[in-house]
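# Structural description and commentary
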Amino acid sequence: MARIVVLGAALGGLQTALLVAQDGHEVTVLERDPRPPPLDAKPAWSRWPRPGIAQLRQTHLPLARWLQLAEAHLPDLVREMTEAGAVRMNVLAPEPAFRGPLMAGDERFDTLAARRSLLEAAATRTAENAGIRIGRGTVCRGLRSSPGPRTPYGGASGDRVPHVTGVETDAGGSKADLVVDCTGRRSQLPSWLRDIGVPCPVDESGRRGFTYYSQYFRSADGAIPTDRFPLVVEHGSLGLLRIPADHGTYSLCLISRSDDEQLRRALRNERAWSAAVRLFPGADRWLDGRPVTDGIQIMAGLTDRKRLLYDTQHPLVTGLMAVGDAWAITTPTVGRGLAMSLQHSLLLRDILRRTGTAHPVELVTGFAEATRNSLGRIYEQTTAYTRHRLSEMDAHTAGTPYRNPDWNRAKALALLAQRDTDALRAERAAAHLLPGAREVLAAPALANAVTRLVPEVERRMPPGPSRADLLKAIEA
Ligand SMILES: Cc1cc2nc3c(=O)[nH]c(=O)nc-3n(C[C@H](O)[C@H](O)[C@H](O)COP(=O)(O)OP(=O)(O)OC[C@H]3O[C@@H](n4cnc5c(N)ncnc54)[C@H](O)[C@@H]3O)c2cc1C
């Protein structure tokens, strides 16, 4: 069995640690933030300092695929989260277009709704119960390495690539047979690699992105507004998320382009923010709750970024893997981060089962291939979403419709989903990365129905106020 050091004790790192520990590996998790989460949901939300997770107090909802995978492979984690107050919710049921009742099989649309701090606290408890060591307040500063095994692709160092043998930390260091980087979107991996002579992995990154302006509320009666509501509305140059969470809390989040200067200036102001929320049909009642965040939580530059270290059959380095956000971040509106990260941890577990750490080249190339085959396509789809949605927002700002055949088809499917519950199931299954969704979408009857709706979406602007009305409301 291998000695594995996992960097980062947030959800991605803890899930990875739990999975490999189940197989008997000796796992240590190193985490830069010193404070463990309080047990209780309330102080975990309001008093837990967690600078290492910049998005801790931002709107979060895992996809249904995340819950499926977690129930199958990490049932203790799901139990801890549920006992802590995470709410099992079905993502079909609140949709205004849904014509109930839920049917057998619709439980695949279930997910767990909770604030991110609750999910983190429950994951920490699960890891501690499983006997996983978490070294808190331990900042990884770099990698230890030795000349690696012979490969046909060694580059400048002949036929060898560096092999990572551990990490350097504030507290000295740790040896490892395998280092797993789960330090998230701000991972320092490129500079750590440069320091051990590895040519810098290429980051393929979107130049433009979105900004989240979110607030959590607690309703007076402990329930979320019960009217049907779409979880996501894309409304011209602005989007709105309405996401239920634990203990009667829920979040409202406005999404704009990060380079939309007019909205950027206005939406940090709470009154302007509320005015913008009110422009969304049915959103008024969601403003009745008591805010439980300290003002509007803003996070900008949300886009896609993939690290090309693993997009090659030829490893740049062995003994090291980047999992979850440390490998790829995706635009959060599509909510894929947690599901992709858990799927990635499972790929790591499976390749370790097959190859072990005694064959480091096979291990990293096998992981690279599995990553590309199962997550590469999802990543590409997400970058297409980001590109089209930003262009649509640009067009709306300019007062014109955005015309693109692929985007029009996506919009036509969304329109069909508002009129037909089976189409809604198909569309939501794809959005939630559920197995078999692609085949259902490709079925001729559905594909033809989508094609028939394309001319209708081409003729209309996305529903919602004109740009002028939006600016008037927030300026007033
Ligand atoms: C605004 C926003 C909204 C999102 N909404 C959703 C959503 O609705 N659904 C969804 O599925 N996903 C969402 N995501 C994505 C999701 O947050 C990430 O995919 C998820 O956090 C990935 O977890 P992670 O553990 O890989 O990284 P992180 O959560 O970023 O954790 C990294 C960990 O590494 C630690 N660390 C960092 N550097 C070091 C170091 N040098 N040494 C030791 N430890 C270190 C940090 O302290 C932290 O604990 C959202 C992301 C953002 C930004």
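Given the structure is predicted, the values throughout are model-derived calculations rather than measurements. (Residues numbered from 1 in each chain as written. Predicted model: local features only at pLDDT ≥ 70, side-chain atom pairs only at ≥ 80, totals over all residues. Heavy atoms only, no water.)

## Quick word on the domain arrangement of the protein chain
On domain assignment, one finds that the protein chain holds domain 1 (1-206 + 304-400), domain 2 (210-302) and domain 3 (402-460). Look at where the C-alpha atoms of domain 2 and domain 3 centre, and you get two points 26 Å apart. (Domains from an automatic or database assignment.)

## Here we look at the sheet that holds strand β9 (residues 178-181)
Taken together, the five strands give an open sheet; going across it, the order is β5-β2-β1-β9-β18, and neighbouring strands pair in parallel fashion. Each of the sheet's edge strands pairs with one partner strand only, and the pair in question is β5 (133-136) and β18 (320-322). On average, each strand axis in the sheet is inclined to that of its neighbour by 20°, with strand direction left out of account. The sheet contact formed by β9 and β18 spans three bridges and is parallel. Within β18, the position partnered with V179 by the bridge is L320. (Pairing = 2+ DSSP bridges. Helix = DSSP H or I, 4+ residues; strand = E, 2+ residues; numbered from the N terminus. Axes fitted to C-alpha atoms, helices over the stretch in contact; angles between N-to-C directions.)

## Focus: the site of the ligand
Around the ligand, a shell composed of 36 residues is seen, among which E31, R50, L61, R116 and L338 lie nearest. One of the side-chain nitrogen or oxygen atoms of R116 is found 2.8 Å away from an oxygen atom of the ligand. Between the ligand and L338 there is a distance of 2.8 Å, counted from an oxygen atom to a backbone nitrogen or oxygen. Surface burial for the ligand is 96%, taken as the share of its 1000 Å² of free accessible area covered by protein chains. Looking at the shell around the ligand, the elements that each hand over two or more residues are α1 (11-22), β2 (26-31), β16 (297-302) and α9 (337-355). Residue classes in the shell around the ligand are distributed as 15 nonpolar, 13 polar and eight charged. Counting the residues that make up the shell around the ligand, at least three belong to each of domain 1 (1-206 + 304-400) and domain 2 (210-302). (Near = heavy atom within 4 Å. Polar contact = N/O pair within 3.5 Å; in protein donor to acceptor, adjacent residues only side chain to side chain. Areas by Shrake-Rupley, 256 points an atom, 1.4 Å probe, with all protein chains shown as cover. Nonpolar A, V, L, I, M, F, W, Y, C, P; charged D, E, K, R; others polar.)

## Considerations on the nonpolar core
As a rule of thumb, soluble globular proteins bury nonpolar side chains together. If you look at the biggest cluster of nonpolar residues, it comprises 76 residues, and the most contacted ones within it are W66, M81, L143 and L193. Per element, the largest residue contribution to this core is nine residues, and it comes from α9. Those residues within four positions of M81 in sequence are excluded, and the remaining contacts are L11, W66, A86, L112, L118, L119 and A122. (Core = buried A, V, L, I, M, F, W, Y, C linked by side-chain atoms within 4.5 Å. Buried < 20%, exposed > 50% of the residue type's maximum accessible area, 1.4 Å probe, protein only. Contact = heavy atoms within 4.5 Å.)

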